[in-house]
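Examining the three-dimensional arrangement
Given next are the chains, with one letter for each unit.
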Amino acid sequence: MKSIHMLLASAAVLVAPTTAAFAQDGEAVEAQDTAVQEEEAFSDNEIIVTATRRDQAAQDVPLAVSVVGGEQLANAGVVDIRGIQQLAPSLKTTTGQSSATGAVLNIRGIGTAGDNPGFEPAVGVFIDGVFRSRAGVALAELPPIERVEVLRGPQGTLFGRNTSAGALNITTQKPKFELGGYVEASYGNFDEIEVKAGITGPVSELAALRLDGGYHKRDGYITDVNSGNKINNIDRYFVRGQALFENDDVSFRLIGDYAKTDEVCCGAVNTQSGFTVPLTNTDNIIARIATSALNPIAGTPALGGAVGRVGTPAYTRGSRLMAVSPGRDLTEKVDEWGVSGELNWDFGGATLTSITAYRDWDARRNQDIDFSGVDRAYRDNYRTGIKDFTQEIRLQGTAFNDSVDWLVGGFYLNEKLTLTDTVRFGAQANQYVDTIIRGLTTSATLPTGAQVFGTLGPTVPHLGQVMLATDPVLLGQALTNPATFALFNTPIPGSVAGSGQVADNYRVKTDAIALFTHNIINFTDNLSLTLGLRYNRETKDIDTNLNSVVPTCSFFQSANGQQWLSELSTNPAGLGAVATAVLLLGCNPTVNSEFNGIRSDDRTETEFTGTARLAYKVNEDVLVFGGYDRGYKSGGYNLDRGSFDSVLLGGDGAQLTDLEFGNETVDSYEVGIKTNFTRQFQFNASFFYSDFKGYQSNRFLGNSFVVLNYDKLVSKGVELESIIRPHPDLAFNLGYSYVDAKVTDPLAGADNGRQASNQPKHTITGAMTWTPEISAGVNGLFHADFRVNSDAFPLNDPLARRFTGNDGFGIVNLRAGINFGDGKYSIEGYVENLFDTYYNITAFPIPEQGASFAVYPSPPRFYGVKVGAKF
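These figures come from a predicted structure and were not determined experimentally. (Residues numbered from 1 in each chain as written. Predicted model: local features only at pLDDT ≥ 70, side-chain atom pairs only at ≥ 80, totals over all residues. Heavy atoms only, no water.)

**Looking at the packing of helix α6 (residues 472-480) against helix α7 (residues 482-489)**
Close contact between α6 and α7 brings their axes to 5 Å; oriented N to C, the two are set at 120 degrees. As the angle between them shows, α6 and α7 are arranged oblique. Crossing angle aside, the handedness with which α6 passes α7 is left-handed. Between α6 and α7, the residues in contact are Leu474, Gln477, Ala478 and Thr480 and Pro482, Thr484, Phe485 and Phe488, respectively. Its residues placed into classes, the contact of α6 with α7 shows five nonpolar, three polar and no charged. (Axes fitted to C-alpha atoms, helices over the stretch in contact; angles between N-to-C directions. Helix = DSSP H or I, 4+ residues; strand = E, 2+ residues; numbered from the N terminus. Parallel < 35°, antiparallel > 145°, perpendicular 65-115°, else oblique. Left-handed = near helix turned anticlockwise from the far one by under 90°. Contact = heavy atoms within 4.5 Å. Nonpolar A, V, L, I, M, F, W, Y, C, P; charged D, E, K, R; others polar.)

Listed below in structure tokens is the structure:
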């Protein structure tokens with residue numbers, strides 16, 4: 001918490017000289033022309049947003065919205081949407097096991113965690129009016145940005161489905177009707193190279209074009225101790241072209257883009273939380289189970305890996321070392337392209353807006369999913385793709401002498417989601433299971449323990465032999481029945497390397513349609529009422545073709561396997577305690593061939609969302625507002641066979657309804673105030689209370705992740721924002737958020753009644769930008785920004801909090817440079833994460849490793865130099 005106190009003090013220091021500057025300005029006698037110039041400079045700072053699908057000054061919009069301009073994003077070194085959190089306290093972004101499919105956006109403590117593409121976001125992303133259906137689909141390098149609007153709270157009326165927590169509304173720079181261009185290049189540590197360039201200009205009096213492109217590479221900062229390979233690198237490029245037609249009544253903007261990444265991501269570090277002592281280099285997997293006090297129910301194997309390999313590197317907080325199994329990797333490749341067209345036609349009494357878009361996004365991944373040097377399991381050529389066609393039409397105008405500003409519209413989405421999952425067993429899968437079972441069965445009466453697959457050699461008896469030796473009835477049957485004798489004296493069939501999912505194919509087609517209206521009723525010049533309503537209807541059709549080959553699963557499903565499990569479960573010596581472990585380890589639900597087959601299902605849901613807001617302008621400088629919003633996030637299917645109900649565990653077998661989860665709704669209440677006491681000082685505050693029903697959560701249940709709908713989650717808090725400009729060349733941006741977000745549902749386990757995972761209660765952001773004139777034609781740039789979070793826990797599990805939690809910490813970025821030649825040329829130096837602060841981005845329980853947890857480590861300090869030229 002010390003860092004928070006330091007940053008609060010820093011914020012006070014930032015404000016203090018500003019107040020003094022105001023006093024000095026009042027006392028100073030300046031030349032009249034200078035005063036006029038400064039007045040014009042301040043007046044240019046009004047920010048126009050489209051949060052209500054209309055062009056409005058941000059300070060006149062009666063809802064909580066943070067606006068970050070393109071110049072501020074550039075100064076902060078933001079290259080994709082994940083970096084925006086540095087400048088917006090209520091927004092939090094994380095990346096889990098995949099940059100492509102595991103990116104999570106969170107507003108006011110609400111977000112959707114997990115890399116399953118069937119699990120849709122709670123924060124909608126819109127780029128130039130086009131809906132991006134998953135956060136990962138919006139992670140390409142950003143082109144030149146005009147502004148980013150962080151809309152806090154449900155946006156279900158105008159932005160529609162999957163905005164129950166809020167939305168990011170990103171507006172990029174348009175083509176210009178004057179020739180211009182830029183080129184910029186950066187070089188930094190970790191051999192970082194970034195190059196961007198663009199050109200724009202007119203082709204006629206009514207048409208202009210723009211072309212932007214960029215390439216970005218950087219070495220990884222996590223090391224595989226076995227191969228020395230670097231993980232979490234950057235290697236991507238994009239190209240984006242635009243055409244703009246404008247006359248007095250009609251404008252049409254056509255955008256096409258393509259982006260590609262070829263990276264190694266994302267590394268996770270095993271905290272060794274389930275181990276009695278850190279064990280590093282053993283020559284084989286045959287290591288004793290560490291029956292840690294943290295794990296009284298089942299031990300966790302001290303993973304050894306293959307001969308000469310490290311199983312799990314010794315861990316200390318801040319470590320960026322991990323072990324990858326031999327022959328496995330974390331390759332991640334993404335190809336995406338899209339085209340959109342926006343038409344605006346002013347008929348005089350009304351304006352028609354039409355936005356048509358198509359996007360095609362594909363990701364391919366390899367993954368070492370045992371998170372150790374042991375070759376237990378892996379993914380090979382996992383493939384997912386999303387094809388989205390969207391159409392939005394809006395008609396907006398005024399009536400009754402401009403006292404009513406009305407808007408009606410419709411939205412349509414056709415989405416085709418494909419997924420091919422390929423979880424397979426590695427070469428040491430059977431040894432891994434035998435080692436765990438040996439540890440679980442070791443006792444004073446059985447000092448050698450037992451094994452099931454026979455990989456540990458003749459000195460360790462098979463579990464079937466121990467069952468015979470401890471069950472006289474079973475032994476009697478075996479002595480008179482050769483088949484029974486052979487069954488319990490022979491290792492059960494193991495899984496050969498490469499067995500598992502041949503291909504689990506999922507196809508989900510979504511058709512969503514919405515009709516909406518949003519109306520601003522101006523009772524007086526100062527008092528207005530906003531009323532909005534949206535009808536949402538969505539249908540999802542799912543087709544699956546699941547094919548897995550696992551000899552151990554086939555055995556357990558046979559008559560012999562059923563007899564073997566039955567005898568184990570009822571063993572008089574208490575061996576039945578390991579029956580579930582034997583079944584789930586030998587036949588993990590993620591690859592259980594019981595669930596093979598071709599199935600189809602569909603679901604349809606309808607929901608009304610809306611808004612009612614009252615705004616009163618006390619005077620030209622103060623706006624107070626309050627209101628109610630109804631939000632909605634659609635239900636769907638968890639695309640993971642691990643969620644099926646197994647007959648082997650007493651269930652009724654695989655049905656697609658096992659994968660289904662319901663929608664999420666929210667009733668949100670907000671009051672706020674927006675002020676411009678002077679042109680140099682802006683202050684906003686909002687107070688919110690959001691009540692979620694059916695809150696969707698991707699929860700780990702020991703061997704696999706399932707999606708659950710929690711009964712209730714309440715997010716409440718306070719948000720403060722201020723912009724202080726004591727001089728046209730100097731600006732301070734300050735923000736604070738207090739978020740109390742808690743789940744109420746016994747199904748939530750350790751999350752029940754606790755602060756939402758990975759959500760700090762207190763967050764402070766700040767930025768200072770100074771652009772002084774150094775001499776004629778030469779200007780300086782000094783920029784600093786920070787974000788401070790209070791304590792937060794990526795996992796609320798009491799065992800995990802000690803290993804994965806974050807004490808309060810702060811991240812500080814700096815950028816300084818000069819531009820000359822009347823702004824045509826520039827050179828800058830930058831530092832990201834100035835103090836090389838470490839924190840855990842997020843964390844997860846490692847499947848099949850008891851009380852072990854892994855963390856995704858934060859990036860280290862990056863620094864470099866950037867040069868640019870423009871015309």
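**Here we look at the pairing of strand β16 (residues 234-246)**
Judged from the 12 bridges that link them, strand β13 (residues 207-218) and β16 form a sheet pairing that is antiparallel. Of the residues in β16, the one forming a bridge with leucine 209 is alanine 243. Across 11 bridges, the pairing between β16 and strand β17 (residues 250-264) is antiparallel. Bridging from a neighbouring strand, arginine 236 pairs with threonine 261 of β17. (Pairing = 2+ DSSP bridges.)

**Some remarks on the sheet that holds strand β7 (residues 123-127)**
Strand order across the open sheet formed by five strands is β3-β9-β10-β7-β8, with mixed pairing between neighbours. Each edge of the open sheet is held by one strand with a lone partner, namely β3 (65-69) and β8 (130-132). When strand polarity is set aside, the average angle formed by the axes of neighbouring strands in this sheet is 20 degrees. Pairing analysis gives seven bridges linking strand β9 (residues 145-152) to strand β10 (residues 166-172), with the strands arranged antiparallel. Bridge assignment links valine 148 to a residue of β10, and that residue is isoleucine 170.

**Section: the environment of isoleucine 84**
Relative to the assigned elements, isoleucine 84 resides in the loop between α3 (70-75) and β4 (91-95). Taking C-alpha positions, isoleucine 84 is 9.8 Å from leucine 168, a pair spaced 84 residues apart along the chain. With residues near it in sequence (within four places) discarded, isoleucine 84 still touches Leu73, Val78, Leu91, Val148, Val150 and Leu168.

**A short note on the pattern of salt bridges**
Summed over all chains, the structure comprises 43 salt bridges. For the salt bridge of arginine 641 with aspartate 504, the shortest nitrogen-to-oxygen distance reads 2.7 Å. One end of the pair, arginine 641, is in the loop between β31 (636-637) and β32 (660-661); the other, aspartate 504, is in strand β27 (residues 500-522), and 137 residues separate them in sequence. Owing to a relative accessible area of 0%, arginine 641 belongs among the buried residues under this scheme. Judged by its relative accessible area of 1%, aspartate 504 falls in the buried class. One salt bridge in this structure joins glutamate 538 and lysine 540, with 2.4 Å as the shortest N-O distance. (Salt bridge = Lys/Arg side-chain N within 4 Å of Asp/Glu carboxyl O. Buried < 20%, exposed > 50% of the residue type's maximum accessible area, 1.4 Å probe, protein only.)

**Description of the environment of asparagine 233**
Residue placement: asparagine 233 occurs in the loop between β15 (230-231) and β16. On the accessibility criterion, asparagine 233 (18% relative accessible area) is buried. Between the alpha carbons of asparagine 233 and aspartate 262 there is a distance of 9.2 Å; along the sequence they are 29 residues apart. Discounting chain neighbours no more than four positions away, the residues touching asparagine 233 are Arg218, Asp219, Gly220, Asp262, Glu263 and Val264. Within the structure, asparagine 233 has its side chain in polar contact with the backbone nitrogen of valine 264 (distance 2.7 Å). (Polar contact = N/O pair within 3.5 Å; in protein donor to acceptor, adjacent residues only side chain to side chain.)

**Details of helix α5 (residues 463-470)**
Owing to its 3.6 residues per turn, the α-helix aligns residues three or four sequence positions apart on the same side. Among all positions in α5, only Leu463, Gly464, Val466, Met467 and Leu468 are buried. Packing partners of the buried residues in α5 comprise α4 (429-441), α6, α7, α9 (559-569) and α10 (579-586).

**As for the state of the cysteines**
Within the structure shown, the criterion is met by two disulfides. Paired by a disulfide, cysteine 553 and cysteine 587 hold their sulfur atoms 2.0 Å apart. In this structure, the disulfide formed by cysteine 553 and cysteine 587 twists by about 110 degrees around the S-S bond and is classed as right-handed. Taken together, the positions of cysteine 553 in helix α8 (residues 551-557) and cysteine 587 in the loop between α10 and β29 (597-619) put the pair 34 residues apart, joining distant regions of the chain. Judged by its relative accessible area of 3%, cysteine 587 is buried. (Disulfide = S-S within 2.5 Å.)

**Section: the sheet that holds strand β5 (residues 103-107)**
Spatial strand order, β4-β5-β6: three strands in an open sheet with antiparallel pairing. The open sheet terminates on both sides in strands that have one partner only, identified here as β4 and β6 (110-111). Across two bridges, β5 lies against β6 in antiparallel orientation. The residue bridging asparagine 106 from the neighbouring strand is glycine 111, located in β6.

**Examining the packing of aromatic side chains**
Any pair of aromatic rings gets described here by the distance separating the centres and the angle formed by the planes. Under the definition given, this model contains 22 aromatic pairs. Measuring from ring centre to ring centre gives 5.7 Å for phenylalanine 119 and phenylalanine 661, while their planes differ by 85 degrees; the resulting arrangement is edge-to-face. Taken as a pair, phenylalanine 119 in the loop between β6 and β7 and phenylalanine 661 in strand β32 lie far apart in primary sequence, 542 residues in all. Of the two residues examined, phenylalanine 119 and phenylalanine 661, each falls in the buried class. Here phenylalanine 190 and phenylalanine 862 contribute two aromatic rings whose centre-to-centre distance is 5.4 Å and whose plane-to-plane angle is 85 degrees, an arrangement assigned as edge-to-face. Within this pair, whereas phenylalanine 190 is found in the loop between β11 (180-188) and β12 (192-202), its partner phenylalanine 862 is found in strand β44 (residues 862-870), the two being separated by 672 residues in sequence. (Phe/Tyr/Trp six-rings, centres within 6.5 Å; stacked < 30°, edge-to-face > 60°.)

**Re the nonpolar core**
By size, the foremost hydrophobic cluster in this structure holds 39 residues, and its most contacted members are Val452, Leu463, Met467, Phe556, Trp564, Leu568 and Val582. Secondary-structure elements contributing two or more residues to this core are β26 (423-425), α4, α5, α6, α7, α8, α9 and α10. When residues in this core are grouped by element, the largest group, five residues, is from α4. Discounting residues that sit within four places of it in the chain, tryptophan 564 has contacts with Val452, Leu463, Gly464, Met467, Leu487, Phe488, Ile492, Phe555, Phe556 and Val582. The next biggest cluster of nonpolar side chains, apart from the first, holds 33 residues, and it includes Ala76, Ala165, Val666 and Phe692. (Core = buried A, V, L, I, M, F, W, Y, C linked by side-chain atoms within 4.5 Å.)

**Quick word on the environment of arginine 132**
In this structure, arginine 132 sits in strand β8. A relative accessible area of 9% places arginine 132 in the buried class.

**Some words on unusual backbone geometry**
With an omega of 5 degrees, the peptide bond running from cysteine 265 to cysteine 266 counts as cis. Note on placement: cysteine 266 falls in the loop between β17 and β18 (269-270).

**Notes on the pairing of strand β23 (residues 350-367)**
Where strand β22 (residues 331-346) lies against β23, 15 bridges are found, and the strand directions are antiparallel. Paired with glycine 338 across the strands is arginine 359, a residue of β23. Here β22 hands over to β23 after three residues, with glycine 348 in that stretch at a positive phi of 105 degrees. As paired elements, β23 and strand β24 (residues 377-399) share 17 bridges and run antiparallel to each other. Looking at the pairing, threonine 353 lines up with arginine 394 of β24.

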